[in-house]
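Okay, here's what each chain looks like letter by letter:
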Amino acid sequence: MRLLVTGGAGFIGANFVYHILEKYPEYEIVNLDALTYAGNLENLKDIENNPNYEFVKGDICDKELMMDLVSKVDAVVHFAAESHVDRSILDSDSFVKTNVLGTLSLLEAAKNNGLKRFHHVSTDEVYGSLEKDDPAFNEKTPYDPRSPYSASKASSDHLVRAYYHTHDLPITISNCSNNYGPYQFPEKLIPLFVTNLIEGKKVPVYGTGENVRDWLHVKDHCEAIDRILHDGKIGETYCVGGNAEKTNMEITHEILKAMKAGEEMIEHIEDRKGHDKRYAIDFSKIKSELGWEPQVSFEDGIEETIEWYKNNEDWWKRIKSGEYQEYQKAK
Ligand code: NAD
Ligand code: TDX
């Protein structure tokens, strides 16, 4: 199988490229990435010389390039996106451009191109915000996005489904909860807090920190996408979750404890605008249809992740200082 992975230089995309090349060494991967601030070729150093791996620098909005790349592969796995909610609040343009128009450009390129599969990687945030005792999101939950980020992802999901119904494009979609693990850009909660503490800096908790997220190790997410890509039913959506709902304060305390830091390192700061209260995922469909469920417990996963950031200071220090962008300019 020859795969086009978009956004493979980002956090989940890079983990997915490693997952596929390790599990299916005969597969070929073309990784298309624009190398925005979130894309980092240093994430892929270990396989950059693998003969079954090729990197192409480009924008998913470039329809001609997408046509050319899509015509040479069997399947597309679409990760490329602007992914950080806080950035979408400050400036929404790039979110609509990449997440909506970029996805549309890729769909147009995929239409009538003989693809076996177009898998779209999406988020649980499209379903909105839950109250404490509300039932978890599932595939039938009505869409109710509330941030420019989630609105742009919701829009892309609708377009992907429209191309299935209108053009018979063989699509699948996954809507996943919060990921954590190696190579996550240190602007997201877990890597930001871990790296701040290593640097002796405080951790900024938005508001009271009572907001709840469901956490999934990135390895489990990659395995879920792998199962959907190979065995998922065309036209279907799968909700993917970690069975690990935690308040931000719980996460903060677990990180502080694991890193032997005290409460004085917590700094409560102004809340995120429109901060969604709670996300939770009912993943019974993917469990019953594809036999997938999370394998990494949060307790093991967070410990392993903290170790990874401790052992890879070079990687995140080069991001925090901006040096990583020099590496890719030279490529
Ligand atoms: P990320 O921000 O780490 O990586 C995004 C990648 O996309 C980067 O390499 C970036 O350079 C690339 N990119 C951005 N704009 C592009 C464009 N116009 N053309 C080509 N490449 C472009 O994101 P992530 O956390 O790895 O998320 C990957 C996908 O998974 C996204 O679609 C996101 O919505 C979804 N998702 C993420 C999470 C999570 O917790 N991180 C959870 C559920 C779903
Ligand atoms: O400094 C911080 N302080 C803080 O309290 C940051 C960065 C976050 N937070 C809070 C906000 C959220 O309640 O922590 C929670 C997690 O925040 P993020 O790591 O920014 O993730 P979130 O907004 O939940 O979105 C993530 O999960 C779903 C990804 O960034 C999305 O791409 C994905 O779709």
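Look up a bit, the structure's there.
Starting from 1, residues in each chain are numbered consecutively following that chain's sequence as written. Chains carry letters and ligands carry numbers; both start at the beginning, A for chains and 1 for ligands, and go up in the order they are written. Only residues with pLDDT of at least 70 get local features here, since the model is predicted, and only at 80 or more are side-chain atom pairs given and counted; chain-wide, interface and lining totals rely on the full set of residues. The side-chain values count all of the structure's non-hydrogen atoms but skip hydrogen atoms and water molecules.

Time to look at the site of ligand 1. Nearness is defined per residue: one heavy atom within 4 Å of the molecule or strand is enough. Near ligand 1 you find 29 residues, and of these I12, D33, S83, Y149 and K153 are the closest. Any pair of nitrogen or oxygen atoms within 3.5 Å is treated as a polar contact; in protein, a donor-acceptor pairing is required on top of that, and neighbouring residues in sequence qualify only through side-chain atoms on both sides. Backbone polar atom of F79 to an oxygen atom of ligand 1: 2.9 Å apart, as the coordinates give it. One of the side-chain nitrogen or oxygen atoms of K153 is found 2.7 Å away from an oxygen atom of ligand 1. Calculation on ligand 1 without its partners gives an accessible area of 840 Å², and the protein chains cover 96% of this total. Mapped by element, the contributors of at least two residues to the shell around ligand 1 are helix 1 (11-23), strand 5 (117-123), helix 5 (148-167) and strand 7 (178-180). Helix and strand assignments follow DSSP, with helices taken as H or I runs no shorter than four residues and strands as E runs no shorter than two, numbered in order from the N terminus. By residue number, the principal contributor to the shell around ligand 1 is strand 5, which donates three residues. Residues that form the shell around ligand 1 fall into these classes: 13 nonpolar, 12 polar and four charged. For the area figures, the Shrake-Rupley method with a 1.4 Å probe applies, and any residue is considered shielded solely by the protein chains shown. Polarity classes work like this: nonpolar for Ala, Val, Leu, Ile, Met, Phe, Trp, Tyr, Cys and Pro, charged for Asp, Glu, Lys and Arg, and polar for all others, with Gly in that last group.

Take the site of ligand 2 next. Within the structure, ligand 2 sits among 20 residues, and T123, E125, Y149, R272 and H275 are positioned closest to it. One of the side-chain N or O atoms of E125 is found 2.7 Å from an oxygen atom in ligand 2. In the model, an oxygen atom of ligand 2 is placed 2.9 Å from a nitrogen or oxygen of the N248 side chain. When its residues are assigned to classes, the shell around ligand 2 shows eight nonpolar, seven polar and five charged.

Among the secondary structure elements, D33 is positioned in strand 2 (residues 28-33). Buried residues are those whose accessible area, probed at 1.4 Å on protein chains only, stays under 20% of the maximum for their type, while exposed residues exceed 50% and partly exposed ones sit between those limits. When charges are counted, Lys and Arg are positive and Asp and Glu negative, with His and the chain ends excluded. Salt bridge, as applied in this entry: a Lys or Arg side-chain nitrogen positioned within 4 Å of an Asp or Glu carboxyl oxygen. We note that D33 is buried and unpaired, the nearest opposite charge coming from K57 at a distance of 8.5 Å. Throughout, a contact is declared for two residues whenever any of their heavy atoms are within 4.5 Å. With residues up to four places along the chain from it excluded, the contact list for D33 reads G7, G8, A9, G10, G39, F55, V56, K57 and G58.

Another point: helix 6 (residues 189-198). In terms of burial, helix 6 is largely enclosed, as seven of its 10 residues are buried. When helix 6 is considered as a whole, its buried residues turn out to be I190, P191, F193, V194, T195, N196 and L197. The secondary structure elements touched by the buried residues of helix 6 are strand 7, strand 8 (203-206), strand 9 (212-217), helix 8 (248-258), helix 10 (298-311) and helix 11 (313-320). Remark: G200 follows helix 6 within two positions and exhibits a positive phi of approximately 80°.

The next subject is the nonpolar core. Working definition of a nonpolar core: buried Ala, Val, Leu, Ile, Met, Phe, Trp, Tyr and Cys residues. They are joined through side-chain atoms within 4.5 Å. In this structure, F16, L44, I190 and I255 are the most contacted members of the largest nonpolar core, which totals 57 residues. Ranked by the residues each element gives to this core, the list is headed by helix 1, at eight residues. Sequence-distant contacts of I255, that is, excluding residues within four places in its chain, are made with I190, F193, V194, L197, I302 and I306. Core analysis: the next-biggest nonpolar cluster, separate from the first, contains 22 residues, V30, V56, M66 and F118 among them.

When DSSP finds at least two bridges between two strands, those strands are taken to pair. Spatially, 7-9-11 is the arrangement adopted by the three strands of the open sheet, whose pairing is mixed. In the strand order of this sheet, the two ends are held by strand 7 and strand 11 (245-247), each with one partner. When strand polarity is set aside, the average angle formed by the axes of neighbouring strands in this sheet is 50°. With three bridges joining them, strand 7 and strand 9 adopt parallel strand pairing. Axes here refer to lines fitted to C-alpha atoms; in helices the fit is confined to the stretch in contact. Angles between the N-to-C directions go from 0 to 180 degrees.

Taking 1.5 Å per residue as the helical rise, helix 7 (residues 218-231) with its 14 residues ought to reach 20 Å, and the 20 Å between its terminal C-alpha atoms agrees with that figure. Among the 14 residues that make up helix 7, 10 are buried, leaving the element largely enclosed by the rest of the structure. Those residues of helix 7 not exposed but buried are V218, D220, H221, C222, E223, A224, I225, D226, I228 and L229. A helix's residues, less one, multiplied by 1.5 Å, set its expected span.

With that settled, the discussion passes to the sheet that holds strand 10 (residues 237-240). Strand order in this open sheet of seven strands is 3-2-1-4-5-6-10, and the pairing throughout is parallel. Because the sheet does not close on itself, it has two edges, and the strands there are strand 3 (53-57) and strand 10. Neighbour-to-neighbour, the strand axes of the sheet open up by a mean angle of 20°, direction not taken into account. For strand 1 (residues 2-6) and strand 2, the ladder comprises five bridges, and the chain directions are parallel. By the bridge assignment, L3 is partnered in strand 2 with I29. Across the sheet, helix 5 is in contact with strand 5, strand 6 (171-176) and strand 10; its angle to strand 5 comes to roughly 155°. Contacts from helix 7 reach strand 1, strand 4 (75-78), strand 5, strand 6 and strand 10 within the one sheet, and its direction differs from that of strand 5 by about 145°.

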